[in-house]
Structures are given as C-alpha cells and as structure tokens.
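# Inside the fold
Each chain is listed here by its residues.
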Amino acid sequence: MIEPALKSVQCLSPAGLHRMAYQEWGDPSNPRVLVCVHGVTRVSDDFDDLARALAGEYRVVCPDVVGRGRSGRLRNPDLYRVPQYVSDMVTLLARVLANVDSQREPGKVAWFGTSMGGLIGMGLAALPDSPIGRLVLNDIGPVLDPAALRRIGDYIGQDVRFATFEEGARFVRDVSASFGPHTEAQWEKMARDVLRQDADGSWVRHYDLALAQPFRAATPESVSADEHVLWAAYDAIRCPTLVVRGAASDLLSHATAQMMTQRGPRARLVEFAGVGHAPTFVQADQIAVAREFLLEQ
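To start, this report covers the structure provided alongside it. Every value quoted in this text rests on a predicted model; they were computed, and no experiment measured them. Sequence order as written defines the numbering, with residues in each chain counted from 1. Where local features are concerned, this predicted model is filtered to residues with pLDDT of at least 70; where side-chain atom pairs are given and counted, the filter is 80 or more; whole-chain, interface and lining totals use all residues. Here the side-chain values reflect all heavy atoms present in the structure, with hydrogen atoms and water set aside.

## Digging into the overall build of the chain
Where helices and strands are cited, they refer to DSSP runs of H or I of at least four residues and of E of at least two residues respectively, numbered from the N terminus. Looking only at helices and strands, the chain has 10 helices and 11 strands in total. Computation of the radius of gyration draws on C-alpha atoms alone. For the globule rule, the value is 2.2 Å times the number of residues to the power 0.38. Here the C-alpha atoms of the chain give a radius of gyration of 18 Å, agreeing with the 19 Å that 2.2 N^0.38 yields for 297 residues. Along the three orthogonal principal directions, the C-alpha set of the chain runs to about 55 × 45 × 40 Å. The buried share of the chain, taken over its 297 residues, is 55%. Accessible surface for the chain amounts to roughly 13,000 Å². Of this, 53% is attributable to carbon and sulfur atoms. Charge assignment: positive for Lys and Arg, negative for Asp and Glu; neither His nor the chain ends contribute. In this description, the location of a charge corresponds to atom NZ of lysine, CZ of arginine, CG of aspartate or CD of glutamate. Taking the average place of the 31 positive charges on the side chains of the chain and the average place of its 36 negative ones, the gap between the two points comes to 3 Å. Burial status follows relative accessibility: with a 1.4 Å probe on protein chains alone, a residue under 20% of its type maximum counts as buried, one over 50% as exposed, and anything between as partly exposed. For accessible areas, the Shrake-Rupley method is used with a probe of radius 1.4 Å. Any residue's cover is judged against the shown protein chains and nothing else.

## A short note on the nonpolar core
Think of a nonpolar core as a cluster: buried Ala, Val, Leu, Ile, Met, Phe, Trp, Tyr and Cys residues, connected wherever their side-chain atoms sit within 4.5 Å. Formed by 58 residues in total, the largest nonpolar core has its most connected members in Met89, Trp111 and Ile120. Core analysis: the next-biggest nonpolar cluster, separate from the first, contains 24 residues, Leu50, Ala55, Phe293 and Leu294 among them.

## Quick word on the side chain of glutamine 283
By secondary structure assignment, the location of glutamine 283 is in the loop between strand 11 (268-272) and helix 10 (284-294). By relative accessible area, glutamine 283 is classed as buried at 18%. In protein, a polar contact requires one atom able to donate a hydrogen and another able to accept it; more generally it is a pair of N or O atoms within 3.5 Å, and residues adjacent in sequence count only if both atoms are side-chain atoms. Separated by 2.8 Å, the side chain of glutamine 283 and the backbone oxygen of proline 181 make a polar contact. The criterion used for residue contact is that any of the two residues' heavy atoms lie within 4.5 Å. Look past the residues within four positions of glutamine 283 in its chain and what remains in contact with it is Pro181, His182 and Gln186.

## Observations concerning unusual backbone geometry
Going from histidine 277 to alanine 278, the amide bond is cis rather than trans, its omega being 5 degrees. Relative to the elements of secondary structure, alanine 278 occurs in the loop between strand 11 and helix 10. Unlike most non-glycine residues, arginine 266 shows phi in positive territory, near 50 degrees. Look at phenylalanine 281: it is not a glycine, yet its phi comes out positive at around 60 degrees. Secondary-structure assignment places phenylalanine 281 in the loop between strand 11 and helix 10.

## Structural notes on the pattern of salt bridges
We define a salt bridge as a contact between a side-chain nitrogen of Lys or Arg and a carboxyl oxygen of Asp or Glu at a distance within 4 Å. On inspection of all chains with the given rule, the structure shows 19 salt bridges. A salt bridge links arginine 161 to aspartate 198; the shortest N-O distance between them is 2.8 Å. Residue arginine 161 is located in strand 7 (residues 161-162), and its partner aspartate 198 is located in the loop between strand 8 (195-197) and strand 9 (203-205); the two are separated by 37 residues in the primary sequence. On the basis of relative accessible area, aspartate 198 is assigned to the partly exposed category, the value being 24%.

Structure below.
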C-alpha cells in the first residue's frame, strides 16, 4: 500500500515561529502538485483515500493546519484566522515547489479544500499571480452564518475528555453524523485520526482549544464584513473551479452554491445526496468526481 512521507516546514506569524507538519504522497520529484487542506477540527489524514487514488498522477501534499494534529500551536490564538493560514500555505508551497523547473512548469498547483481548507484556497486563489491553477471547494462558499459560527466555537472550545478510545470514537461519530453513511472501519479511522491519548491516559481531541477564540469573537457585523471580503475574493478567482456540496448541508446553501456557478470563476457544481457538511471523499463515487475534475487537461 502506498504510504506518505511525513515532513514539516517552519512558518512565521506576528507572534513568532511555528512548525507546520504535512504528509507528502507520490513521487517527490513530480512537478504536478495537489494540495489538500482539511476542515476546522480535522487533520491531513482525512485525505488518505483521495491521496492514494491520485498519487500516481500528482504529488499530493496534505498539511495539518497550525493548531491541529502534528503541527505546532500559535502563541497568540487571535491569529487562528484565514490570513495566517494563507501565509503558512505560501511558505509550504515555496518549499514544495522549490525544485520545480519554472521554465517547464509554471509552478501552478491544484487545490482541494474542505470547509476551512476551501476558505484558505479561495483566499490564495484570489491573489494576483496565484499559484493555484485548479480549485475544488468542498462544501464551503462566501456566505457565513453567525449562528453556525458560534455553534462551531462552542463545540471546538469544549475540553472534552474520554476514559476510553471507544467512548471518544462514539463522540466523534455523533458530532460527525452529517458526513453521511460510512462503514464501521471508516468511522473508526476518522476517530483515530483526531483523538490522542493524554499523559493521564484519557483520550482528547488533537487540536488547540484556543482555536475557538476567533469564532466566539464573531459578531453579525464582523461576519457581514467577512462575507463582503469573501465574495470579493471569490469574484477575483480565474482558475477552473469545482464546488461540491452535501445536499443536506447547513453551511453551504443550495442558493449560494448556485450563485457561485454564475459569478467569479463560474464554478461547476456537484451535489451529493444523503450527505450534509461535509462530504469526506473516502467514498468511491466522491473520489471519482474529484479525480475527473483534477485530471482534466
């Protein structure tokens, strides 16, 4: 079975230096690069199945966004926001593309972003001279719901501990029910990816609880201002774009997804029945959709 190499890169924030871990799949000399970035409480391991399916054609790079998984933590939790994440990804791409022959390859990469990872991709794809040449936005768009943001902040800020892995796995499965149907083995893997055993033997979630701070600070006014910025970013995107939506998603509405097909990059839209927020892309039909789009010439 194909396995990834675990690497890291040092990044900079206004509060100092931090380390971002990433997994790299496929031929490390392959100039075709696909970057896969996870949602707010998930990790790079979410993309194991998608990476294996594409590692023959792409060098697949899957980071743990700072504050999650194997990566470091920020000294100032107010910086757990998209601008800092975009900056970190620029540093990552400088490392990943360092040996790409710019005369033969223009340094363009494909980007697959789930939820938060899609917001990071939008921010990077909107910049002049962006390195993103093809973009997949998985169940995310420029419209944000203040109530949903507060709910996310309350959820991720809870210091929940579990006496056994099985207890933690049930919790992960319950809060991830909107991901749609999965096998028992798939649910167990999703739990193992985001639970770790603490020094006292209890099982805890893998991320910095201070991630909740920016969510809790959100107001209707700040969310409205952020939406204006996000729509401006989306309208500036020029690369081919695919929007994927869980048909039962409460984060990306059908109306917003349709609007995304009519402005900016005029994205292609695919919706998956029986799934909410967000499709996990461990299922064969979902992987096939991503593969078809990412391998188009």
